[in-house]
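# Inside the fold
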Amino acid sequence: MTNNNIYIVANWKMYGNSKSINSINKVIKISKSRKFKNVKIIYCPPYTLLSEFVKKTKNAKISIGAQNCHTEKDYGSYTGFISAKMIKDTGSKYVILGHSENRISGETNEDINKKIKSAIKKKLNVILCVGENLAEKRKNITKKVLSYQINKSLNKVKNINNIIIAYEPVWSIGTGIIPKKKYLEFNVRYIKQYLSNKFYKNKIKILYGGSVDSKNAKYLMQINEISGFLVGGASKNSKKFIDIIKKTIK
Ligand code: PGA
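These remarks concern the structure in this document. Every chain's residues receive numbers from 1 upward, in the order its sequence appears when written. Local features in this predicted model are restricted to residues of pLDDT 70 or higher, and side-chain atom pairs are both shown and tallied only at a pLDDT of 80 or more, whereas totals for entire chains, interfaces and linings draw on every residue. Note that the side-chain values use all heavy atoms of the structure and ignore hydrogens as well as water.

What follows covers the overall build of the chain. Each helix is a run of DSSP H or I of at least 4 residues and each strand a run of E of at least 2, with the numbering of both proceeding from the N terminus. If you tally the helices and strands in the chain, you get ten helices and eight strands. Along the first, second and third principal axes, the C-alpha atoms of the chain reach 45 × 45 × 35 Å. Residues counted as buried form 52% of the 250 residues belonging to the chain. The contact criterion used throughout is that any non-hydrogen atoms of two residues lie within 4.5 Å. A separation of at least 24 residues holds for 71% of the contacts in the chain among residues at least 6 apart in sequence. When the accessible area of the chain is evaluated, it comes to approximately 12,800 Å², of which 50% is carbon and sulfur surface. Each residue is placed in one exposure class: buried if its accessible area under a 1.4 Å probe, protein chains only, is under 20% of its type's maximum, exposed if it is over 50%, and partly exposed if it falls in between. Using the Shrake-Rupley algorithm and a 1.4 Å probe, accessible areas are obtained, with residue cover drawn only from the displayed protein chains.

Below, the structure is given as structure tokens:
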């Protein structure tokens, strides 16, 4: 990993309440330190905490993002859903799309494509998750899966400047198992190559996600091709999260 603009994204999933907001105080403090000036910290709490997080991090070097949005960009009769416009209204700047936990519950690449277009129209930055599951890895079709997901979800998306890709092998999420360096490098390089064939002169950043913690961050940051991490479980504990941030800049 280079030391230029490293992204460390915290995905809190369906965790956190009004009390947990104070747990990020120390992260706010370090975000302002010169030592971490190249690190971009992004918190993605549940929808219920977006406004609170935006308020809390107002004077910090931290951005806030949502974990999903609806395919419709504005308003509509969709009980229980949140649009890109509503996310933007909270002051959030990012949205995670295509997370495998949503793909598993039926989200298609076509849905993801519509969501990306809505998010871009509302000037949100997108963190697009892609990755193979264990069966696909065993069948040796990882490249095919990655190109299919990217191709479909970025179909007719003209402006890819505000998109970051998070490569998250599904078998690595929440399991404590991380890919071998060679496997990870190979797949990230493949994604980069695929994107540069598809989009002329793109400078798209690729993050790695899946069981990143303070113990393996140092190992994972040796991979030159990645620009940071998408952290699930370990991001809820500020001490662990700070440890990950510290390890990525050394
Ligand atoms: P994990 O989650 O770090 O708990 O494996 C990563 C993710 O789901 O984005």
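Moving on to the packing of helix α7 (residues 142-153) against helix α8 (residues 181-198). Here α7 crosses α8 at 40°, and the two axes come no closer than 10 Å. The angle between α7 and α8 falls in the class oblique. Handedness of the α7/α8 crossing: right-handed. Along the contact surface, α7 presents Thr-142, Lys-143, Leu-146, Ser-147, Ile-150 and Asn-151, while α8 presents Tyr-183, Phe-186, Asn-187, Tyr-190, Ile-191, Tyr-194, Leu-195 and Lys-198. Here the nonpolar group is Ala, Val, Leu, Ile, Met, Phe, Trp, Tyr, Cys and Pro; Asp, Glu, Lys and Arg are the charged ones; every other residue, Gly included, is treated as polar. Looking at the contact of α7 with α8 residue by residue, the class counts come to eight nonpolar, four polar and two charged. In this analysis, axes come from line fits to C-alpha atoms, helices being fitted only over the stretch in contact, and the angle between any two N-to-C directions falls in the range 0 to 180 degrees. Here roughly perpendicular refers to angles of 65 to 115 degrees, roughly parallel to angles under 35, roughly antiparallel to angles over 145, and oblique to all remaining angles. Put simply, a crossing is left-handed when the front helix is turned counterclockwise from the back one by less than a right angle, and right-handed when it is turned clockwise.

Moving on to the site of the ligand. Near the ligand you find Asn-11, Lys-13, His-99, Glu-168, Ile-173, Gly-174, Gly-210, Ser-211, Leu-230, Val-231, Gly-232 and Gly-233, and these make up its full shell. Here a polar contact is taken to be a pair of N or O atoms separated by no more than 3.5 Å, where protein atoms must pair a possible hydrogen donor with a possible acceptor and residues adjacent in sequence count only if both atoms sit in side chains. Between the ligand and the protein, one listed contact pairs an oxygen atom with a side-chain N or O atom of Lys-13 at 2.7 Å. Between an oxygen atom of the ligand and a main-chain N or O atom of Ser-211, the distance comes to 2.7 Å. The protein chains hide 95% of the 280 Å² of surface that the ligand would expose on its own. Grouping the amino acids of the shell around the ligand by side-chain chemistry returns three nonpolar, seven polar and two charged. Here a residue is near a molecule or strand as soon as one of its heavy atoms is found within 4 Å of it.

Turning to a positive patch on the surface, a few remarks are in order. Like-charged residues are merged into a patch within 9 Å and nonpolar side chains (Val, Leu, Ile, Met, Phe, Trp, Tyr) within 5 Å, provided each residue has over 30% relative accessible area and no salt bridge. Basic side-chain nitrogens of Lys or Arg form a salt bridge, by our definition, when they fall within 4 Å of a carboxyl oxygen of Asp or Glu. His is not counted here, nor are the chain ends, while Lys and Arg score as positive and Asp and Glu score as negative. Lys charges are placed at NZ, Arg charges at CZ, Asp charges at CG and Glu charges at CD. Taken together, the side chains of Lys-26, Lys-29, Lys-35, Lys-239 and Lys-246 define a basic patch exposed on the protein surface. At the level of secondary structure, the elements contributing two or more residues to the positive patch comprise α1 (25-31) and α10 (238-248). Within the secondary structure layout, Lys-35 lies in the loop between α1 and β2 (39-44).

Right, let's talk about the packing of helix α5 (residues 109-121) against α7 for a bit. Following both chains from N to C, one finds α5 and α7 inclined at 45°, their axes separated by 8 Å at the closest point. Judged by the angle between their axes, α5 and α7 are oblique. Together, Asn-109, Glu-110, Ile-112, Asn-113 and Ile-116 of α5 and Tyr-148, Gln-149, Lys-152 and Ser-153 of α7 make up the contact between the two elements. Classifying every residue of the contact of α5 with α7 gives three nonpolar, four polar and two charged.

This part covers the nonpolar core. Buried residues of nine kinds, namely Ala, Val, Leu, Ile, Met, Phe, Trp, Tyr and Cys, make up a nonpolar core once their side-chain atoms join them within 4.5 Å. Counting residues in hydrophobic clusters, the biggest one holds 64 residues, and the most contacted among them are Tyr-43, Ile-116, Ile-163 and Phe-229. Sort the elements by how many residues they give to this core and α8 lands first, with five residues. Among the nonpolar cores identified, the runner-up in size contains twelve residues, and Ile-96, Ile-127, Ala-166 and Leu-230 belong to it.

Position of Arg-189 relative to the elements: it lies in helix α8. The sequence separation of Arg-189 and Glu-225 amounts to 36 residues, and the corresponding C-alpha distance is 6.8 Å.

Moving on: the environment of Ser-51. On the secondary structure map, Ser-51 appears in helix α2 (residues 50-56). A residue is classified by how much of its surface remains accessible, and Ser-51, at 38% relative accessible area, is partly exposed. Spatially, the C-alpha atom of Ser-51 lies 22 Å from that of Ile-116, the residues being 65 residues apart in sequence.

The set of residues buried in α10 consists of Ser-238, Phe-241, Ile-242, Ile-244, Ile-245 and Thr-248. Along α10, the residues classed as buried sweep out an arc of 155° about the axis, all on the same side. Buried residues along α10 sit in contact with β1 (6-11), α1, β2, α9 (217-220) and β8 (228-231). The arc in question is traced by the directions running from the helix axis to the C-beta atoms.

What follows deals with the pattern of salt bridges. Taken as a whole, this structure holds seven salt bridges when the rule is applied. Across the pair Glu-52 and Lys-55 runs a salt bridge whose closest N-O atoms are separated by 3.6 Å. Of this pair, Glu-52 and Lys-55 both sit in helix α2, three residues apart, roughly one helical turn. On the accessibility criterion, Glu-52 (38% relative accessible area) is partly exposed. Residue Arg-189 pairs with Glu-225 through a salt bridge whose shortest N-O separation is 3.0 Å. Of this pair, Arg-189 sits in helix α8 while Glu-225 sits in the loop between α9 and β8, and the two are 36 residues apart along the sequence.

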